[in-house]
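Next come the chains, spelled out residue by residue.
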Amino acid sequence: MTRLVRTRGELAAARAVLVQELGAQASLGMVPTMGALHAGHVALIDAARASCAAVVTSIFVNPMQFHQAGDLARYPRQLQEDLALCEQRGVDLVWAPEVADIYPEGPAQVWVTAGELADQLEGPDRPGHFDGVLTVVTKLFAAVRPHRAFFGEKDYQQLMLIRRMVRDLGQEVQVVAVPTVREPDGLALSSRNVLLSPSERVSARWLSAALMAGQNAAGSAEAVLAAAGQVLEAAEGVDVDYLELRDAELGPAPETGPARLLVAARIGSIRLIDNVAVELGR
Ligand code: PAF
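In this convention, every chain numbers its residues from 1, walking through the sequence in written order. For a predicted model such as this one, the threshold for reporting local features is a pLDDT of at least 70, and the threshold for listing and counting side-chain atom pairs is 80 or more; totals across whole chains, interfaces and linings nevertheless cover every residue. Water and hydrogen atoms play no part in the side-chain values, which are based on all heavy atoms of the structure.

Two cysteine sulfurs form a disulfide in these notes if their separation is within 2.5 Å. Inspection of the entire model under this criterion finds zero disulfides. Here Cys 52 is not cross-linked by a disulfide; its sulfur's nearest cysteine counterpart is in Cys 86, at 15 Å. When accessible area is computed with a 1.4 Å probe and restricted to protein chains, residues below 20% of their type maximum are described as buried, those above 50% as exposed, and intermediate ones as partly exposed. What makes Cys 52 buried here is its relative accessible area of 7%.

What follows covers the packing of helix α8 (residues 198–217) against helix α9 (residues 221–234). As a rule, the C-alpha atoms of each element are fitted with a line to give its axis, helices using only the stretch in contact, and angles between N-to-C directions run from 0 to 180 degrees. Put simply, DSSP marks the helices as runs of H or I at least four residues long and the strands as runs of E at least two long, and each gets a number from the N terminus on. Close contact between α8 and α9 brings their axes to 7 Å; oriented N to C, the two are set at 155 degrees. Put simply, α8 runs roughly antiparallel to α9. You can see that α8 and α9 cross each other, and the crossing is right-handed. Mapping the contact onto sequence places Trp 206, Ala 209, Ala 210, Ala 213, Gly 214 and Ala 217 in α8 and Ala 223, Val 224, Ala 227, Ala 228, Val 231 and Leu 232 in α9. Residue classes follow a fixed rule: Ala, Val, Leu, Ile, Met, Phe, Trp, Tyr, Cys and Pro count as nonpolar, while Asp, Glu, Lys and Arg count as charged, and any other residue, Gly among them, counts as polar. Considered class by class, the residues forming the contact of α8 with α9 number eleven nonpolar, one polar and no charged. Small angles under 35 degrees read as roughly parallel and large ones over 145 as roughly antiparallel, with 65 to 115 read as roughly perpendicular and the rest as oblique. Take the far helix as your reference; a near helix turned counterclockwise from it by less than a right angle gives a left-handed crossing, and one turned clockwise gives a right-handed crossing. For this analysis, residues touch if any pair of their heavy atoms sits within 4.5 Å.

Turning next to the side chain of Ser 58. In this fold, Ser 58 is placed in strand β3 (residues 54–59). For Ser 58, a relative accessible area of 0% corresponds to the buried category.

Remember that the coordinates give geometry; whether it matters functionally is a separate question.
Right, here's the structure in full:
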């Protein structure tokens, strides 16, 4: 049965009970989320369930990673549905703190700074976003103390930055990446998809179509970018922010070998991101 805890004190007590029940050696898996859970989160929870003795899911819409008040206000919130889903997937503990539990003294004075990768790709559109993500993830890790934490490849830059933070700060948690879950037409699942109007939802499928065209073109970096770019140029209702090819760790694209093709675009007022793995030079 899934147990809901709200405060840090409740979390600590429930964690201690779990550890006592399962034994000190048992692995604790964590799935940090902002709620509005969908099949992409289910994949994270299932991956945690498959490799850990107990699973903790946090649900917290973190104000420090939103730089636009409107975006924060309209972020979907649905705790009861989220709890039902967690129960169904066998989550042991849901931690859904209030803002005051995470930031008891108001907005944090001391932040985790994400470094130069945070200034690229998503960076220019979302100043401070990754500092907010890394700061809250550090706080969540400190409270839950998981052995493994599960993040989706959908937010690839976030995943790379969390990995880097864990290495740089020596945080004792193993970061596990879980592949993106897609709708049948290819659209990557995102909590923001529910904000798309029916016609915007139709346009949104061009993002994954472009990425797939790039992936299938493979060959040189130029060929990949040209194939993906062609799809986006023809796409109606898609205002492209960037289409970039990088290496698998988001450094400059290599001539051959594993790479990552990333896109961000505005569909109406909703900004979507997506990415795929590409093998260059084959
Ligand atoms: O990916 C998300 O849902 C959030 O950025 C995270 C990692 C839960 C931090 O708030």
